[in-house]
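# A look at the structure
Okay, here's what each chain looks like letter by letter:
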Amino acid sequence: MYLLHLLILKKDEMKNTMYLLIFLAGFSNLVVAQTTDRLPCIEKKFSIVAHIVKDSLGIPGYTKADILKDVDSLNKNFAPICVSFEVCEFQYIDNFEYLTVDSAKEWKEMQVLYNLKDRINIYYVKTIIAPAGTGFSTQSGITDFNNGGIVIGTKGERVLSHEMGHYFGLYHTFETKFGNELVNGSNCATTGDKICDTPADPNGTIDGSCNFTSMQQDANGKYYSPMVNNIMSYYPDICACKPGFTHDQYKKMANIYLGKIGMW
């Protein structure tokens, strides 16, 4: 396209200025669009303290190798915004009562007893009963480095990346606390996960090839077609791609952190 413009300039000197201005305006718009859409680069390595709860026999449920493997995957998933993580310390908790965690009880106690300041505190337990699941995180915990943290109840590389997504401010793709997102995306900025490049997600069913099979419809009678490979969904790990965050999810995570001056 640029070569064509140059040839036209040589053939018609009378229109030289006009074509040049059109070309420069188009090129300028392209540069502005690319600059506007560029992801922020945090250029930060965050330190993790891994708190591993031992059972009644004094045996930890997670090995250092398990955790380092998950952190390696975490680094790959967060690389597009120039974020990395390293385990600076492994701490062992000898109280086996903390193997089962309720966010309203044990979790509060654990933070008071074991949290280290200026670190991302991650606790590795056996079972999470409230909220029931594979893990949970302090929502937007990255904005308060002396409280909160992450609890992991199931081994798996995607689990840690999912919970770290919450820690950096992301919601589930199927979030409903802000209202149900429409398939056409017309209310995407205020409902669901409030991110417009993640399609509306009813958290339905998929087949063995990761095809969405639920015949659910939104309020307009439109069928859902969610992003089953997204890390912030609840679809199986086998469906996940790496990185499994969208452009706007990356942008939100970076801006959540950058919006807090003097953090970490």
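Just so you know, these numbers come straight off a predicted model, no measurement behind them. (Residues numbered from 1 in each chain as written. Predicted model: local features only at pLDDT ≥ 70, side-chain atom pairs only at ≥ 80, totals over all residues. Heavy atoms only, no water.)

Right, let's talk about unusual backbone geometry for a bit. Here the amide bond leading from A130 into P131 is cis, since omega sits at -5°, within 30 degrees of zero. Within the secondary structure layout, P131 lies in the loop between strand 5 (127–130) and strand 6 (135–137). For D118, which is not a glycine, the phi torsion comes out positive at approximately 60°. Positive phi, close to 55°, is recorded for S140, a residue that is not glycine. Mapped onto the secondary structure, S140 falls in the loop between strand 6 and strand 7 (150–152). (Helix = DSSP H or I, 4+ residues; strand = E, 2+ residues; numbered from the N terminus.)

Moving on: the side chain of D70. Relative to the helices and strands, D70 resides in helix 3 (residues 64–78). No salt bridge is formed by the buried D70; the nearest opposite charge belongs to K69, separated by 6.3 Å. Sequence-distant contacts of D70, defined by excluding residues within four places in its chain, comprise G156, E157 and L160. (Buried < 20%, exposed > 50% of the residue type's maximum accessible area, 1.4 Å probe, protein only. Lys, Arg positive; Asp, Glu negative; His and termini not counted. Salt bridge = Lys/Arg side-chain N within 4 Å of Asp/Glu carboxyl O. Contact = heavy atoms within 4.5 Å.)

What follows covers the packing of aromatic side chains. Under the counting rule described, the total for this entry stands at 15 aromatic pairs. Judged by centre distance (5.5 Å) and plane angle (70°), the ring pair of F78 and F245 falls under edge-to-face. Of the two residues, F78 sits in helix 3 while F245 sits in the loop between helix 5 (157–167) and helix 6 (247–258), which places them 167 residues apart along the sequence. Aromatic ring contacts, followed pair by pair, group F46, F78, F85, F168, F245, Y250 and Y257 into a single cluster. One Lys or Arg, K155, reaches over the ring of Y62 and ends 5.8 Å from the middle of that ring. One residue, K194, lies across the ring of F178, its end atom 4.0 Å from the ring centre. (Phe/Tyr/Trp six-rings, centres within 6.5 Å; stacked < 30°, edge-to-face > 60°. Lys NZ or Arg CZ within 6 Å of the ring centre and 35° of its normal.)

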